[in-house]
2 protein chains.
Amino acid sequence: MAGQAIVDKAMANSIERRSGVSLWRQIADQILHSIASGDFTENAALPAEMALAERYGVNRHTVRSAIAALVQEGVLRAEQGRGTFVLSRKRLSYPIGARTRFSAGLQGQASERRSVLLASAIEPASRRVAEGLRLAKGANVIRLEMRGEADGQPVSRATAWFEARRFAGIEAAMAETGSITASLERFSVSDYLRQSTVLSARHADAADLADLDLQPGAIVLVTVAVNVTPDGQPIQFAETRFPAERVELKLSAL
Amino acid sequence: MAGQAIVDKAMANSIERRSGVSLWRQIADQILHSIASGDFTENAALPAEMALAERYGVNRHTVRSAIAALVQEGVLRAEQGRGTFVLSRKRLSYPIGARTRFSAGLQGQASERRSVLLASAIEPASRRVAEGLRLAKGANVIRLEMRGEADGQPVSRATAWFEARRFAGIEAAMAETGSITASLERFSVSDYLRQSTVLSARHADAADLADLDLQPGAIVLVTVAVNVTPDGQPIQFAETRFPAERVELKLSAL
DNA sequence: TATAGTTGTCTATATCAATAGACAAATTTT
DNA sequence: AAAATTTGTCTATTGATATAGACAACTATA
């Protein structure tokens, strides 16, 4: 039968040449993924450079480039004569469900967490935003740009749109309270639900790199969500970007 | 107060040099993302090569490399003297919820869909699998490797583990029926729920590239899920990889 | 202390990635 | 028909990426 087969190439970790992604970055990504998957515990020693080079079928210097990048990112620590060690950086497990708010549910994973308002603007709604909020195309909306942080490290980057007429001044409330939930309460919105969430992934763009403090080539998880009042009226349209190397999304409370 | 600011650099699409990811691949990724975001409708003309080169601040030949890659992938069609056109390839929107099964919910998006068993094996459970299925570490489990297809194009790649004793022979049932749900029914499992789903993203590895027919450098969305019977007994532990350029995940029925 | 194993640094070479300019070939517009 | 626009092809040059080998510096261990 079909049984017993499968080459089982040690987790099938391999590497592609002339792909547009350099070998050292592919190797760095795989090491990051191994750490996040729990293959290495905190302070564990990585295999020696020669061993890694043989495993990936590349030159030792190529492995060194990958390690250098991860040392630069603060993921690894190399010590001459001893080895290269994992500084551990477990990924935050970010809960997503019908009532997900930022910060709620991250207890115990990070000691300090907050949301910072980066900028705001009033603009006509794009087609996508207008459809999400069920507004006429071109109606004015307020856009908020925010960054979520845990223990001083950026873990999310969100752009949120609200109907300008109904939520005039929400940017001031957000700047003051640092909380979407608290800001919405000032507009008589005591409860809201996540109506829909669409998830995708892509390479980080320049703005992501800057705001999330990422290295070029990093991957971001993207959620596009519509929040509604309990009676189904849309109040917020939001796109949030999470750095894939630091965050995983846990779909809970289904 | 904070209002009116924001540079608004036209969706902040920009590009990073010496990042380990070549400029042509970054540009190709952004074009793909633009198409998936609906910036271009089917058969729409892309801006001319010179215009794109100016927009990204690169040489025309670099843009040509990006376009060549996308033509190779079947996303674009270039015609001398006329322009470069989008062949459109809308992303499938793949529903995920408490009762998500493959194929369910894709009605109307693809006319033909199926799940193919690639291989199977019996092996001792890794720590991760044992914890998910609540088995003793090292207990035997059956591993199934599957590929999901829609209209002949691969849209997912799953590895699923089942307790070997309880589900002995499930690989034969799977090969025969092509359905997890149908196979489980032979073992008296008439209903099951998704207990938890954890979501992450990474670059595709060699096995992903081969099984999902992707170009090197592509991104995959990864879900790790545990399915349980209605009374909470774990029956299936699964890791599924989706090509981010072809699939988005819609979190529904929350 | 000697030895083996590890990371760090150096030189050299080949290939890929990106820039630059010129012109051909095809299409659309004037 | 002519001009303008667009993609296709060619040559040449520079910098980043990857390979190769040798040896230094440091650490742990026999």
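The shown structure was predicted, so the numbers you read here are calculated from the model rather than taken from an experiment.

Draft legend 1. Inspection of the pattern of salt bridges at higher detail. Tallied over the entire structure, the rule returns 32 salt bridges over all chains. Here Asp 208 of chain A makes a salt bridge to Arg 241 of chain A, at a shortest N to O gap of 3.8 Å. Of this pair, Asp 208 of chain A sits in helix 7 (residues 206-212) while Arg 241 of chain A is found in strand 9 (residues 234-243), placing the two residues 33 residues apart along the sequence. Each of the two residues, Asp 208 of chain A as well as Arg 241 of chain A, counts as buried. A salt bridge links Arg 143 of chain B to Glu 123 of chain B; the shortest N-O distance between them is 3.4 Å. Highlighted residues: Arg 143 of chain B in strand 5 (residues 140-150) and Glu 123 of chain B in strand 4 (residues 113-124), separated in sequence by 20 residues.

Draft legend 2. Just the protein's contact with DNA strand C, in detail. Around DNA strand C, 24 residues are found, and the nearest of them are Arg 60 of chain A together with Arg 17, Leu 23, His 61 and Thr 62 of chain B. A share of 64% of the atoms of DNA strand C within 4 Å of the protein falls on sugar and phosphate groups. Between DNA strand C and Leu 23 of chain B, the relevant distance is 2.3 Å, taken from a phosphate oxygen to a main-chain nitrogen or oxygen of the residue. Contributing elements (two or more residues each) for the surface near DNA strand C: helix 3 (60-72), strand 1 (76-79) and strand 2 (83-86) of chain A together with helix 1 (23-36) and helix 3 (60-72) of chain B. Residues of the surface near DNA strand C, tallied by class, amount to five nonpolar, 11 polar and eight charged.

Draft legend 3. Spotlight on the pairing of strand 2 of chain A. Residue and element names in this part refer to chain A. As defined by bridge partners, strand 1 adjoins strand 2 across four bridges and the pair is classed as antiparallel. The partner of Ala 78 across the bridge, within strand 2, is Thr 84. Connecting strand 1 to the antiparallel partner strand 2 that follows it, the hairpin turn spans three residues, and Gly 81 within it adopts a positive phi of roughly 90°.

Draft legend 4. Just unusual backbone geometry, in detail. Notably, Ser 188 of chain A is not glycine yet its phi reads approximately 65°, a positive angle. Examined against the element boundaries, Ser 188 of chain A turns out to sit in the loop between helix 6 (180-185) and strand 7 (193-203). Even without being a glycine, Asp 213 of chain B presents a positive backbone phi close to 60°. In this structure Asp 213 of chain B comes out as exposed when scored by relative accessible area, which is 55%.

Draft legend 5. Structural detail: the protein's contact with DNA strand D. DNA strand D sits among 25 residues. The nearest are Arg 17, Leu 23, His 61 and Thr 62 of chain A together with Arg 60 of chain B. Here DNA strand D approaches the protein such that, of its atoms within 4 Å, sugar and phosphate make up 66%. Arg 82 of chain A places a side-chain nitrogen or oxygen 2.9 Å from a phosphate oxygen of DNA strand D. In the model, a phosphate oxygen of DNA strand D is placed 3.3 Å from a nitrogen or oxygen of the Arg 64 of chain B side chain. If you list the elements that add at least two residues to the surface near DNA strand D, you get helix 1 (23-36) and helix 3 of chain A together with helix 3, strand 1 (76-79) and strand 2 (83-86) of chain B.

Calculation notes
- Residues numbered from 1 in each chain as written.
- Chains lettered and ligands numbered in written order.
- Predicted model: local features only at pLDDT ≥ 70, side-chain atom pairs only at ≥ 80, totals over all residues.
- Heavy atoms only, no water.
- Salt bridge = Lys/Arg side-chain N within 4 Å of Asp/Glu carboxyl O.
- Helix = DSSP H or I, 4+ residues; strand = E, 2+ residues; numbered from the N terminus.
- Buried < 20%, exposed > 50% of the residue type's maximum accessible area, 1.4 Å probe, protein only.
- Near = heavy atom within 4 Å.
- Polar contact = N/O pair within 3.5 Å; in protein donor to acceptor, adjacent residues only side chain to side chain.
- Nonpolar A, V, L, I, M, F, W, Y, C, P; charged D, E, K, R; others polar.
- Pairing = 2+ DSSP bridges.

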